[in-house]
Every structure is written in structure tokens, then in C-alpha cells.
Amino acid sequence: MAEVVLTKVVKKFGDFTAVKGIDLTVEDGKFTVLVGPSGCGKTTTLRMIAGLEEVTSGEIRIGERVVNNVPPKDRDIAMVFQNYALYPHMDVYNNMAFGLKLRKISKDEIQRRVNQAAALLGIENKLKSKPRELSGGQRQRVAVGRAIVRDPKVFLFDEPLSNLDAKLRVQMRTELEQLHHRLKTTTIYVTHDQVEAMTLGDRIAVMRDGVIHQYDSPKQTYDHPADRFVAGFIGSPAMNFLPATVTSEDGKVFVVGDGFRFPLPAEKASGVPNKVVVGIRPEDLDGPITDENADGTLEATVTVTEQLGSELLVYAACGNEAIVANLDPHHVIHIDDKIRLKVDLNRMHLFDPESDKTIF
Ligand code: ATP
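Below is a summary of the structure that appears in this document. Starting afresh in each chain, residues are numbered from 1 along the sequence in its written order. For a predicted model such as this one, the threshold for reporting local features is a pLDDT of at least 70, and the threshold for listing and counting side-chain atom pairs is 80 or more; totals across whole chains, interfaces and linings nevertheless cover every residue. Only heavy atoms go into the side-chain values, all of them from the structure, while hydrogens and water stay out.

1. Topic: the pairing of strand β12 (residues 252–257)
The side chains of a regular strand alternate between both faces of the sheet.
In step 1: The rule for pairing is simple: two strands pair if DSSP sees at least two bridges between them. The helix and strand labels rest on DSSP assignments: H or I over at least four residues marks a helix, E over at least two residues marks a strand, and numbering proceeds from the N terminus. Relative to β12, strand β11 (residues 240–249) is paired through 5 bridges, and the arrangement is antiparallel. Of the residues in β12, the one forming a bridge with Thr 247 is Phe 254.
In step 2: Pairing analysis gives 5 bridges linking β12 to strand β13 (residues 260–264), with the strands arranged antiparallel. Bridged to Val 256 within β13 is Arg 261.
In step 3: The loop that links β12 with its antiparallel partner β13 comprises 2 residues; one of these, Gly 259, has a positive phi angle of about 95°.

Listed below in C-alpha cells is the structure:
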């Protein structure tokens, strides 16, 4: 196992800069997820670590070794791709054994490693099957098995679950979690799916336009997003954003917008600019309530409701802004209802509309 350290890594394709000088340290044995919208540079970053893409400038280190000029086969990494890339004419055993044979590992050792990986992944009875005879989930397991038998220092995963249906994705996700728990191999995993990022990663790097906006634990990223982009990307449904003005009345500070007026405790109010964007997660809204004088409420008109059994998503208009609330599913709420929702003010965020940075 080894740590992976990227220092000021840049990747240019002609005039276009896909990765803009990122720093990233993946500690030994940890699971880091690169997450972000399409085109943000996460696959390019992973491919540079794998050696499949040249680094324009900056340094990549795996363990003690700077690997910028080391060919992929000598980096001691194993990569699992979205399309599995299995050899169609080989059975499962040989798909898993192929890389080891190339490395001239003894037959007995190959057999031991393949059998061990197959048992770990529950595909012992498929070793003689061809890839076309396997389900999507089984093919994915073979691709992971092929990486495991190499016993690499680092696993690199590029959207490995995106070809699977929703149920299988969840199952494979938990299997990958268990696998990492057992093997404790340093892992870097690319996905655009924030749920995968939150559930799998020890730390997640949220990327946009070739830049890492935040690199933190999932909980920290959710509770304390560094900026409005991260706040809106992590969490589902996404955080609500409402423009507001900060005003003082009788020595008290309020955040005021269309349909709401929230008190701001003095310790949070200092240094806050006049114009702000309020961020409220759907799960930090509660109600509806009837007390018009309650502190920290907002008024909204319901546009759509989605009863999901375990939760009730209520889409509504708060002034001119669209919001969504995740409410107790026992409430009966109809389209066009005017409702008053209670905001958990301790969990409310403010963003600077100029820089999009988090104020708190
Ligand atoms: P996705 O989730 O869609 O795969 P991504 O975050 O992995 O997105 P990358 O594949 O890393 O994004 O691409 C980052 C940017 O670099 C994109 O704008 C892409 O068009 C560009 N890019 C990637 N590879 C090349 C290439 N070989 N030549 C030119 N531009 C490229």
C-alpha cells in the first residue's frame, strides 16, 4: 500500500486546460472519491495517476516514487473501468489470470490468487464462464477481481458502477465498501454520483472546471460546504438558495427575503455583508406549521408534491424562488396550498453572492 500525492498537477489538451494545478493527498489505505459534474476533469486526473495521460506540469507521487515518467505497467496500480474491458474470448479464470501470466508469476500462485479473489467476490462458480454468459454485476465483479489479484499498491476506479441498474448499483456499492474494509488498499474512485461519493469515500474531492473546490470527509463536506457550488452539489435533493438582505432593527440583526425574516444571532452577524444568499437544505425544513409568529419560518405556495413513502418532497414557490422541502410523509399537502415551514436556523448557511464563498 502507498499514499498518493498530487502536487500542482496541470493537464492541458492543446489550448484547453482540463486540470488546473490541483493538490491532493490520498493517505495510505484510504478511499478517496473524485466527484463532480461531467467534464470537471476527474477522469483526466485518474488517468494521469494511472499513467494513461501525460502530466503537463506538476508532480504525481505513489509511495516514495515520483511516477511522472514511469509507464503504467510499472506504477503498481490496478484500474477498473466503466466498461469492464474484459477479454470476450477468455473465461473468467483467464480474464483474472491474464495480467499475472504476463508478469510470469508461477501457475500455483496465480491459481491461489484467482481462487481467493473469486471467493471474496462470490464468483467461484463462474470461473469457467465467458463474459457474455454473465450478468452486468458479475462482469463488474470479474473486473474488480482482475484488479485484486494484482495485489497493487493502489486501486483506481473510473465510474465502475454506472452501467448497472439502480438496485445492483446499491448492492455493488456496499460490496466495494466491504472489500475496501477488508483489503485496506489505497483507492481513488471517480464518480459523478454524489450518493456514491458520500457513502464510499473516507474523503471526497469535489471538482468543477479542473479545480478541487473542497477535499474533506463526507460529513464535513455536507455540514460545512466550502462554497455554494459544493453546497448545491452534495446533498439530494439539492440545497435551496434564497437571495436575502441583512438588516438591523432595534440592535437585532435579521436576514430578510421574499417570504421570510430570520433572526441572526450576534455572534454570527459580525462581518456579514448586506446582500447574502441563504442556503437551507430540504431536510432542514419542517412543518407545515400554523403559528404565524414563530421565529424562523418561511411562507411558500406548493407547486408539486412527491410522496415517496419514507419521505414527502414538497416543491414550492417562496416569492420568486423555487424551493423543495423534505417533510414527514404523514402530512397531507396539496398543490396550491399556502404553507408555512419551520427552518432549522442552526443549520442554515449564508453565502457571499459576489464570491459564492460560505460565510457560515
Ligand atoms: P465525465 O464524467 O463526463 O467523464 P470528467 O469529469 O471525467 O467528465 P474528463 O473526462 O476528465 O471529465 O474531461 C475534462 C475535460 O477535458 C472535458 O472538457 C473534456 O472534453 C476534456 N478532454 C478530456 N480528454 C480530452 C482529450 N483527449 N482531448 C481534448 N480534450 C479532452
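2. Describing the site of the ligand
In step 1: In this text, near means that some heavy atom of the residue lies within 4 Å of the molecule or strand in question. Residues in contact with the ligand, as listed here, are Phe 13, Phe 16, Ala 18, Pro 37, Ser 38, Gly 39, Cys 40, Gly 41, Lys 42, Thr 43, Thr 44 and Glu 159.
In step 2: Cys 40 is positioned such that a nitrogen or oxygen atom in its backbone is 3.0 Å from an oxygen atom of the ligand.
In step 3: For the ligand, an oxygen atom lies 2.8 Å from a polar atom in the side chain of Lys 42.
In step 4: Burial of the ligand by the protein chains amounts to 58% of its free accessible area of 630 Å².
In step 5: Only β2 (16–26) and α1 (42–50) provide two or more residues apiece to the shell around the ligand.
In step 6: Among the elements that take part in the shell around the ligand, α1 stands out by supplying 3 residues, more than any other.
In step 7: When its residues are assigned to classes, the shell around the ligand shows 5 nonpolar, 5 polar and 2 charged. Two N or O atoms form a polar contact when they lie within 3.5 Å of each other; inside protein one atom must be a possible hydrogen donor and the other a possible acceptor, and for residues adjacent in sequence the pair counts only when both atoms belong to side chains. Here the open area of atoms and residues is found with the Shrake-Rupley method and a 1.4 Å probe, where only the protein chains shown may cover a residue. Throughout this entry, Asp, Glu, Lys and Arg are counted as charged residues, while Ala, Val, Leu, Ile, Met, Phe, Trp, Tyr, Cys and Pro are counted as nonpolar. The remaining residues, Gly among them, count as polar.

3. Observations concerning the sheet that holds strand β4 (residues 57–62)
In step 1: Taken together, the 4 strands give an open sheet; going across it, the order is β2-β1-β4-β5, and neighbouring strands pair in antiparallel fashion. Single-partner strands in this sheet number two, and they are β2 and β5 (65–66).
In step 2: Bridging between strand β1 (residues 4–13) and β4 involves 5 bridges; their strand directions are antiparallel. In the strand pairing of β4, Leu 6 is matched with Ile 60.
In step 3: In this fold α1 packs onto β1, β2 and β4, with an angle of close to 115° to the strand it touches most, β1. Working rule for contacts: check all heavy atoms of both residues, and any pair within 4.5 Å makes them a contact. Note on geometry: axes are C-alpha line fits, over the in-contact stretch for helices, and angles between N-to-C directions span 0 to 180 degrees.

4. Considerations on the pattern of salt bridges
Two side chains that carry opposite charge are able to pair once their charged atoms sit near each other.
In step 1: Salt bridges are identified by distance alone: a Lys or Arg side-chain nitrogen within 4 Å of an Asp or Glu carboxyl oxygen. Counted according to the given criterion, the structure contains 14 salt bridges.
In step 2: A salt bridge links Arg 169 to Asp 193, with the nearest nitrogen and oxygen atoms 3.3 Å apart. Here Asp 193 lies in the loop between β8 (186–191) and α6 (194–200) and Arg 169 lies in helix α5 (residues 166–183), a separation of 24 residues in the sequence.
In step 3: A salt bridge links Arg 261 to Glu 249; its shortest N-O distance comes to 2.3 Å. With Arg 261 in strand β13 and Glu 249 in strand β11, the pair connects residues that are 12 residues apart, well separated along the chain.

5. Remarks on the sheet that holds strand β3 (residues 31–35)
In step 1: With respect to topology, 6 strands assemble into an open sheet ordered β6-β7-β8-β3-β9-β10, the strand pairing being mixed. Because the sheet does not close on itself, it has two edges, and the strands there are β6 (77–80) and β10 (211–216). Between one strand and the next, the sheet's axes are offset by a mean angle of 15°, whatever the strand orientation.
In step 2: Contacting β6 and β7 (154–158), helix α4 (residues 136–149) crosses the sheet at an angle of about 175° to β6.

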